[in-house]
Amino acid sequence: MPLTEDDIKRIKSRGYPEWYFVVWDDVPRLRNVEGKCVFLKEDGSCSIYEDRPLGCRLYPLVYDPEKGAVLDNLCPKRDEVTYDESDVKALLSLIREIYGKST
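Residues numbered from 1 in each chain as written. Predicted model: local features only at pLDDT ≥ 70, side-chain atom pairs only at ≥ 80, totals over all residues. Heavy atoms only, no water.

Asker: Teacher, can you tell me more about the overall build of the chain here?
Answerer: Within the chain, the regular secondary structure consists of three helices and six strands. Over its C-alpha atoms the chain spans a radius of gyration of 14 Å, differing by no more than 12% from the 13 Å that the globule rule assigns to 103 residues. In terms of overall dimensions, the chain has a C-alpha envelope of 35 × 30 × 25 Å along the principal axes. Considering the chain as a whole, with its 103 residues, one finds that 31% of them fall into the buried category. Across the chain, 16 positive and 20 negative side-chain charges occur, with their mean positions spaced 2 Å apart. (Helix = DSSP H or I, 4+ residues; strand = E, 2+ residues; numbered from the N terminus. Rg over C-alpha atoms; globule rule 2.2 N^0.38 Å. Buried < 20%, exposed > 50% of the residue type's maximum accessible area, 1.4 Å probe, protein only. Lys, Arg positive; Asp, Glu negative; His and termini not counted. Charge placed at Lys NZ, Arg CZ, Asp CG, Glu CD.)

Asker: Quick question: what am I supposed to make of the side chain of D7 here?
Answerer: Looking at where D7 falls in the secondary structure, it is placed in helix α1 (residues 5-13). Of note is the side chain of D7, whose polar atom sits 3.2 Å from the backbone nitrogen of L54. The contacts of D7, once residues within four sequence positions are left out, are P2, P53 and L54. (Polar contact = N/O pair within 3.5 Å; in protein donor to acceptor, adjacent residues only side chain to side chain. Contact = heavy atoms within 4.5 Å.)

Asker: What exactly am I supposed to notice about the packing of aromatic side chains here?
Answerer: Across all of its chains, the model carries four aromatic pairs by this definition. Taken together, a centroid distance of 5.0 Å and an interplanar angle of 70° make the contact between Y16 and Y20 edge-to-face. Summarising the aromatic geometry, the rings of W19 and Y20 are spaced 5.2 Å apart at their centres and angled 90° between planes, so their arrangement reads as edge-to-face. Within the aromatic cluster, the residues linked to one another by ring pairs are Y16, W19, Y20 and F39. Directly above the ring of W19 sits R31, whose terminal nitrogen or CZ lies 5.0 Å from the centroid. Positioned above the aromatic ring of Y49 is the side chain of R52, whose terminal nitrogen or guanidinium carbon lies 3.7 Å from the ring centre. (Phe/Tyr/Trp six-rings, centres within 6.5 Å; stacked < 30°, edge-to-face > 60°. Lys NZ or Arg CZ within 6 Å of the ring centre and 35° of its normal.)

Below is the structure:
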């Protein structure tokens, strides 16, 4: 999951060390362990749910360069999710903040 500076500060303020983050393609992200988010518990819940990154809060809404904001086909609960224009605006703002790109 790509992270903003605020995401990192918030997570670090809970006592999690630098090890929980990785930089990939010049973008800070949450580390994965065995293909899963480091904060994903065995029961499938998030151990930092209240402090989770904005990208996690918006998921399964993701950005497709060809289609714009779409629901991730890999999400098993995709058909149960609704979103509105404010969610799309938040996602586009997040993309600009993290990647410095216009959408």
